[in-house]
Amino acid sequence: MTLRVSEVMTTGVETVTPNADFKSVAQLLRSHHIDLVPVVDDERRVVGVVSEADLLAKVQWQGRHPGRIERWLLLDDQLRKAEGTLASQVMTLDVEAVGPDASVNEAAQRMMVNHLKSMPVLDSERRLVGIVSRGDLLRSFVRDDAAIHREVAEDILAGALAIDPAAVTVVVREGKVFLKGEVESWSLGEMAVRMVGAVPGVVTVVNALDNRLDDRYPKFATEPAQALSYSGPPLR
């Protein structure tokens, strides 16, 4: 079973409008212990996000007036945020978001690549339906061993791969899955390990499977040279 973002996301999301003032946004982040707040229009479409990093630009330049050289060196976006007083002036416009049907693996990868702590969850019309954080994604690993064992043994091995339950012993301890027994082929065993490793809550898979057929190096039948026909010019 692939765990989806919709299953772990937070739906009660704090939002602000583009006209929200700087101080109220800062207070919202602090009072709710969040690092990001979506900026939405009247139809709840996300037009930007304000993060702690966006607000820090003003803190960095508070009481300072960048000179001509500093203004030239500063990126326009940084200067806009440093001088902004409304959410629309300090928000990040290029919003990294994810859909509710995306897998938690995809969401985690995008967070890591973009160095994010959380992301808005948007529907096909870019309307806000939730927010997902690193903590939300880690919930997939807080599954009890019995639930993991049931999914591995019943859904993966017996169900998807049609492996005789008596042929493979499954043991789960603190999210670590041990597979021991004999399967039809080496490739079937490798497929089982990959699929079990993708089960939510599985930390690692210890593969102790034997196989009746090592199909890693298939043998191809060769035809004797005498049996080959040739109709071209004489060979020298």
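Residues numbered from 1 in each chain as written. Predicted model: local features only at pLDDT ≥ 70, side-chain atom pairs only at ≥ 80, totals over all residues. Heavy atoms only, no water.

S.K.: A description of the sheet that holds strand β5 (residues 168–173) should follow, citing residues and the corresponding values.
M.R.: Taken together, the three strands give an open sheet; going across it, the order is β5-β6-β7, and neighbouring strands pair in mixed fashion. If you trace the sheet from one side to the other, it starts and ends with β5 and β7 (204–213), each paired once. Along the sheet, successive strands turn relative to each other by an average axial angle of 10°, direction set aside. As paired strands, strand β6 (residues 176–185) and β7 are joined by nine bridges and run parallel to one another. What sits directly across from S185, in β7, is L213. (Pairing = 2+ DSSP bridges. Helix = DSSP H or I, 4+ residues; strand = E, 2+ residues; numbered from the N terminus. Axes fitted to C-alpha atoms, helices over the stretch in contact; angles between N-to-C directions.)

S.K.: Just give me the short version of helix α1 (residues 22–31), but keep the residues and values in it.
M.R.: Taken residue by residue, α1 has F22, V25, L28 and L29 as its buried positions. Projected onto a plane normal to the axis of α1, the buried residues spread over an arc of 130° and lie on a single side. Opposite the packed face of α1, turned more than 90 degrees from it, sit the exposed residues K23 and R30. If you check the start of α1, you find a side-chain oxygen 3.2 Å away from the backbone N of K23, and it comes from D21. (Buried < 20%, exposed > 50% of the residue type's maximum accessible area, 1.4 Å probe, protein only. Arc of directions from axis to C-beta. Polar contact = N/O pair within 3.5 Å; in protein donor to acceptor, adjacent residues only side chain to side chain.)

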